[in-house]
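# Tertiary structure, described
If you want the building blocks of each chain, they are given just below.
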Amino acid sequence: MVRMVVSDMDGTLLNRYGQISPGNLDAIRSLEERGIEFVIASGRDYSGVYPILDEHRLTCEAILGNGSQYVDRAGKILMSCYMDKAVVKDVAGIFKSRNIPYMIFATDGFYTEYEPSFVRDMFIERGRRRFGGNGEEFEKGGKKEYMPCNRLQKIDDFDRFLSGDLEIIKVEAFAMESHELEEARESLKNIPGISFLSSLEDNVEVTDKEAQKGYILEKVIRMKGLSKEEVMVIGDGMNDLSLFQCFPNSFAPSNACEKIKELAGTVVGSNEEDGFAQAVSKI
């Protein structure tokens with residue numbers, strides 16, 4: 001019997017507009033009614049996840065930063081796996097040397113060596129090309145006002161920045177075209193102690209090598225006294241890979257990448273077709 005359902009957000013639970021559809025929302029409500037715990041597993045940080053949940057009056061625990069943190073319903077950190085500060089400067093240097101915009105997600109905010117306005121504008125333009133829309137939703141009062149690109153702080157002295165009272169959740173870089181990241185990916189292979197993957201083809205997310213969704217979820221279910229067979233997972237991208245490697249009761253929406261669909265126990269409809277709700281109905 002399934003006692004916990006763990007879902008990725010972007011490309012899985014959310015549609016192309018970054019919204020939870022009525023059908024998927026009903027599926028989450030049905031889990032709550034049956035006493036089945038619903039958990040989010042996202043590459044986003046706390047501020048990127050909870051405004052969406054709050055909009056629908058949902059409360060749940062969550063895996064954040066691709067496995068860097070596990071938080072309770074109130075956002076309190078229960079488990080964490082942060083990057084070794086000794087390698088963060090090298091990771092950022094790989095992106096900076098290639099003029100690739102990047103953001104550092106830290107426990108006290110968001111940072112970059114670039115001018116924050118440059119990274120923000122590039123991030124918005126990338127989203128416009130990929131998903132449509134315009135920059136107005138990133139302005140004050142817009143539905144994406146909370147996004148990290150709007151709250152970036154400039155790093156003037158990297159060593160002093162790293163010596164501060166903070167931990168590094170992840171470093172995320174992005175490009176207008178996916179091929180622009182190929183050289184950077186090759187260079188990242190030479191840095192010990194990290195894991196890097198792409199939740200979308202035009203980004204790279206770097207974390208500690210142990211900070212993966214499936215790994216932290218294994219620790220969580222041990223804490224809760226659950227078996228792997230009592231957990232259902234669903235996701236669409238390579239940042240969900242460890243979930244599929246660690247948990248056999250797995251589903252993938254039809255828009256998932258081929259590797260994930262190959263590993264999935266069942267492929268359901270796309271994130272535009274309430275694939276999440278279809279998966280829930282099967283359990």
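Preceding block: the structure.
The shown structure was predicted, so the numbers you read here are calculated from the model rather than taken from an experiment. The residue numbers shown here count from 1 along each chain, following its written sequence. Where totals are concerned, whole chains, interfaces and linings use all residues; where local detail is concerned, this predicted model gives features only for residues with pLDDT of at least 70, and gives and counts side-chain atom pairs only at 80 or more. To get the side-chain values, take all heavy atoms of the structure and skip hydrogens and water.

### Quick word on the sheet that holds strand β5 (residues 77–80)
When DSSP finds two or more bridges between a pair of strands, those strands are recorded as paired. Helical segments are the DSSP runs of H or I of at least four residues, strand segments are the runs of E of at least two, and each set is numbered from the N terminus. Taken together, the eight strands give an open sheet; going across it, the order is β5-β4-β3-β2-β1-β12-β13-β14, and neighbouring strands pair in mixed fashion. The sheet is open, and its two edges are formed by β5 and β14 (266–268), each paired on a single side. Between one strand axis and the next, the sheet turns through 20° on average, direction left out of account. Sheet strands in contact with helix α3 (residues 46–55) are β2 (37–41), β3 (61–64) and β4 (69–71), and its direction is about 145° off that of β3. All axes here are fitted lines through C-alpha atoms, helices being fitted over the stretch that makes contact, and every angle between N-to-C directions spans 0 to 180 degrees. Any two residues whose heavy atoms approach within 4.5 Å are treated as being in contact.

### Considering the pairing of strand β10 (residues 194–197)
One ladder, built from four bridges, connects β10 with strand β11 (residues 203–208); its direction is antiparallel. Across the sheet, residue Leu 197 finds its bridge partner in β11, namely Glu 205. If you look at the hairpin formed by β10 and β11, you'll find five residues sitting between the two strands.

### Concerning the sheet that holds β10
With mixed pairing, the six strands of this open sheet are ordered in space as β8-β7-β6-β9-β11-β10. Each of the sheet's edge strands pairs with one partner strand only, and the pair in question is β8 (152–154) and β10. Averaged over all neighbouring strand pairs, the angle between strand axes comes to 25°, with direction disregarded. Relative to strand β7 (residues 109–112), strand β6 (residues 102–106) runs antiparallel, the two sharing three bridges. Paired with Ile 104 across the two strands is Tyr 111, which belongs to β7. On the sheet, helix α4 (residues 85–96) packs against β6, β9 (168–174), β10 and β11 and is oriented at approximately 10° with respect to β9.

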